[in-house]
Each structure stands twice: as structure tokens, then as C-alpha cells.
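Remarks on the overall topology
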Amino acid sequence: MTTISENLKIINNFVTQNVKLVAVSKAQSLDTIMDAYTAGHRIFGENKVQEILLKRERLPDDILWHFIGHLQTNKVKQIVSFVDLIQGVDSLKLLEYINKESKKINRTVKCLLQIHIADEMTKFGFSEEELFELLKSGVINSLENITICGLMGMATFTDNTQQIRKEFKNLKRIFDSAKNNYFFDNDNFTELSMGMSDDFKIAIEEGSTMIRVGSSIFGLRKYN
Ligand SMILES: *Cc1c(COP(=O)(O)O)cnc(C)c1O
């Protein structure tokens, strides 16, 4: 079995200069996360509010925490004070909550908009049409305590790599279109978060700037 530090090295070999690796540490122990931290890793992703709060309290301060799960509006205020990036914002209502809560503490929070690209109905996110309706409405510009840094998406859970590639290509097309039409003069809109343990190589080939990798770094999750 390879160690966490070795796994990170192997994956980082695929991570070119303009790609960031988010180590998805959900359902992993503090010790396990510390192994990655000691190996030099600093960006970690969690998908449960209770868990990210507990881990942040007990782990080093210079960790950059990404929230990668479905965030409920009533839990927003618990994480806005420290979270580095909220990946997967999937409704205007949620954006408005994040804006309201970050305004209260005089902070600007970075967010990615989640786009639904998979075949499955179970994954969250805006459809392409909903995204462009939102962007066209201009309402995002009025949310002063939010910075939209790009898009995020998850491919269908399947062995069919052609389908996965097609879905990533589609997300990249949507990203380029959003960038060119609504964020062309905005230096913050740069991130395209796509790719997990089983598909990050394809995602990078298709233009990902941020991969979210859990089990390939840490092994099987300890609970859940
Ligand atoms: C769990 C999770 C990941 C990581 O999945 P692995 O297959 O373990 O790499 C990435 N993104 C999101 C949104 C997740 O929930």
C-alpha cells in the first residue's frame, strides 16, 4: 500500500501549474489529514458543516477549507467566517444567504456555481439555461460580499469514459461562454472545478483548473 504522501506525489505529477488539487478529507480522521498536511498539502475539502467546523477547530490555522457539498441556507452562517471557497452553490437563494451572512461580518466569500452536467437526477446544480438566466439578470452584481470565482460540476458515476469526457467538454464550453459573455473583464472568474479520483486525468485534459480528489489520496473513507 502506498502512503498518503506518496499518493499526493503521484497525483501532483498530473497537476500542471494552472491546476489546484483539493484533498477531499470528508470522513477521514484528523490524523489522516495531518499526514497530508505534514506532506505539505494545504487545501482540503469537506461536505458536512458539523465536520468542517470540528476539523477546523482541531487542525492547523493555515489550512484552506473548501466546502464542496450541498450547503443548506440555515447553516451558511456557521462557515462564512473562515471558509476559503464554497464550491457548489446551486441556487440564487443560497447565494443571497451567503451574501447576507458575509456582509454581517464584513467579509467577501469566494463561491463557485455548480452546474448540473450528469445524467443522474440526484446531483445538484443549475442547468445551463438557469445559469445564463441568472447571469443575464445581473443580480449577481448586486451581491457585494460574494466573489464568483468560476464553475463546478460532477460527471455521471459511470465507467463510460467517453460519456465522462463529453460531460466535462460540455462544462468547459459553458464555462467559456459564461466567461466570454459575462466575466470577460473579471479577473476572479478563473476556476473550473471538475474531476475526482476516477476521472481527474480526463478532467485536466478537458480544461479543469481544480480537481477534488479523496479516495485516491486517503484510501477508502472511514465512515459514511
Ligand atoms: C466525495 C467528493 C469528491 C471526492 O471523491 P473521490 O471519488 O473520493 O475522489 C469530490 N467532489 C465532491 C463534490 C465530493 O462529494
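Cut-offs applied
- Residues numbered from 1 in each chain as written.
- Predicted model: local features only at pLDDT ≥ 70, side-chain atom pairs only at ≥ 80, totals over all residues.
- Heavy atoms only, no water.
- Helix = DSSP H or I, 4+ residues; strand = E, 2+ residues; numbered from the N terminus.
- Buried < 20%, exposed > 50% of the residue type's maximum accessible area, 1.4 Å probe, protein only.
- Pairing = 2+ DSSP bridges.
- Right-handed = clockwise from strand over helix to strand, strands pointing away.
- Contact = heavy atoms within 4.5 Å.
- Phe/Tyr/Trp six-rings, centres within 6.5 Å; stacked < 30°, edge-to-face > 60°.
- Lys NZ or Arg CZ within 6 Å of the ring centre and 35° of its normal.
- Arc of directions from axis to C-beta.
- Axes fitted to C-alpha atoms, helices over the stretch in contact; angles between N-to-C directions.
- Parallel < 35°, antiparallel > 145°, perpendicular 65-115°, else oblique.
- Left-handed = near helix turned anticlockwise from the far one by under 90°.
- Nonpolar A, V, L, I, M, F, W, Y, C, P; charged D, E, K, R; others polar.
- Near = heavy atom within 4 Å.
- Polar contact = N/O pair within 3.5 Å; in protein donor to acceptor, adjacent residues only side chain to side chain.
- Areas by Shrake-Rupley, 256 points an atom, 1.4 Å probe, with all protein chains shown as cover.

Attention now goes to unusual backbone geometry. In terms of backbone geometry, most residues other than glycine have negative phi values and most peptide bonds are trans. For A27, which is not glycine, the phi dihedral falls at a positive 60 degrees. Positive phi outside glycine occurs at N106, with the angle close to 60 degrees. Mapped onto the elements, N106 comes out in the loop between α5 (92-104) and β5 (109-115). Accessibility expressed as a relative area gives 70% for N106, which makes it exposed.

With that out of the way, let us pick up the pairing of β5. Summarising burial for β5: six of the seven residues are buried, a large majority. Relative to β5, strand β4 (residues 85-89) is paired through two bridges, and the arrangement is parallel. Across the sheet, I86 pairs through a bridge with C111, a residue of β5. Once the chain exits β4 it traverses α5 before rejoining the sheet at β5, and the crossover so formed is right-handed. Here β5 runs beside strand β6 (residues 146-153); their pairing, made up of seven bridges, is parallel. Residue pairing for β6: C111 is matched across the bridge by I148. Once the chain exits β5 it traverses helix α6 (residues 128-137) before rejoining the sheet at β6, and the crossover so formed is right-handed.

What follows concerns the environment of Q163. Looking at the element boundaries, Q163 is found in helix α7 (residues 161-182). Judged by its relative accessible area of 17%, Q163 is buried. In this structure Q163 touches D119, T156 and T158, once residues within four positions along its chain are discounted.

Applying the stated rule across the entire model yields five aromatic pairs. Their ring planes at 75 degrees and their centres at 5.9 Å tell us that F14 and F200 sit as a pair that is edge-to-face. Of this pair, F14 sits in the loop between α1 (4-12) and β1 (20-24) while F200 sits in helix α8 (residues 200-205), and the two are 186 residues apart along the sequence. With a relative accessible area of 5%, F200 lands in the buried category. Aromatic pair F175 and F189: ring centres 5.1 Å apart, planes at 15 degrees, arrangement stacked. Taken together, the residues span a long stretch of sequence, with F175 in helix α7 and F189 in the loop between α7 and β7 (191-193) at a distance of 14 residues. Exposure remark for F189: the relative accessible area of 1% places this residue in the buried category. Each member of the aromatic cluster is reached from another via a ring pair, and the members are F175, F183 and F189. Over the aromatic face of Y37 sits the side chain of R42, whose NZ or CZ is 3.6 Å from the ring centroid. Across from the ring centre of Y97, 4.9 Å away, lies the NZ or CZ of K100, which sits over that ring.

Within helix α2 (residues 30-38) the residues assigned to the buried category are T32, I33, A36 and Y37. Buried residues of α2, viewed axially, fall in a sector of 145 degrees; they line one side. Among the exposed residues of α2, those pointing more than 90 degrees away from its buried face are D31 and T38. Tucked into the core, α2 has its buried residues touching α1, β2 (43-46), α3 (49-58) and α9 (215-218).

With that settled, the discussion passes to the packing of α6 against α7. The interhelical angle for the contact between α6 and α7, taken along N-to-C directions, is 15 degrees, at an axis separation of 11 Å. The orientation of α6 relative to α7 falls into the category roughly parallel. For the pair α6 and α7, the sense of crossing is right-handed. Contact with α6, carried on its side by E128, L131, F132, L135 and K136, involves R173, I174, S177, A178 and Y182 of α7 and no other residues of that element. For the contact of α6 with α7, the class distribution of residues is six nonpolar, one polar and three charged.

Let's shift gears to the site of the ligand. Around the ligand sit V24, K26, I68, M152, M154, M196, S197, R212, V213, G214, S215 and R221, and those are all the residues in its vicinity. Within the side chain of R212, one N or O atom sits 2.9 Å away from a nitrogen atom of the ligand. Within the complex, 91% of the 390 Å² of free accessible area of the ligand lies under protein. Of the residues belonging to the shell around the ligand, the class tally is six nonpolar, three polar and three charged.

So yeah, pure geometry; function would need other evidence.
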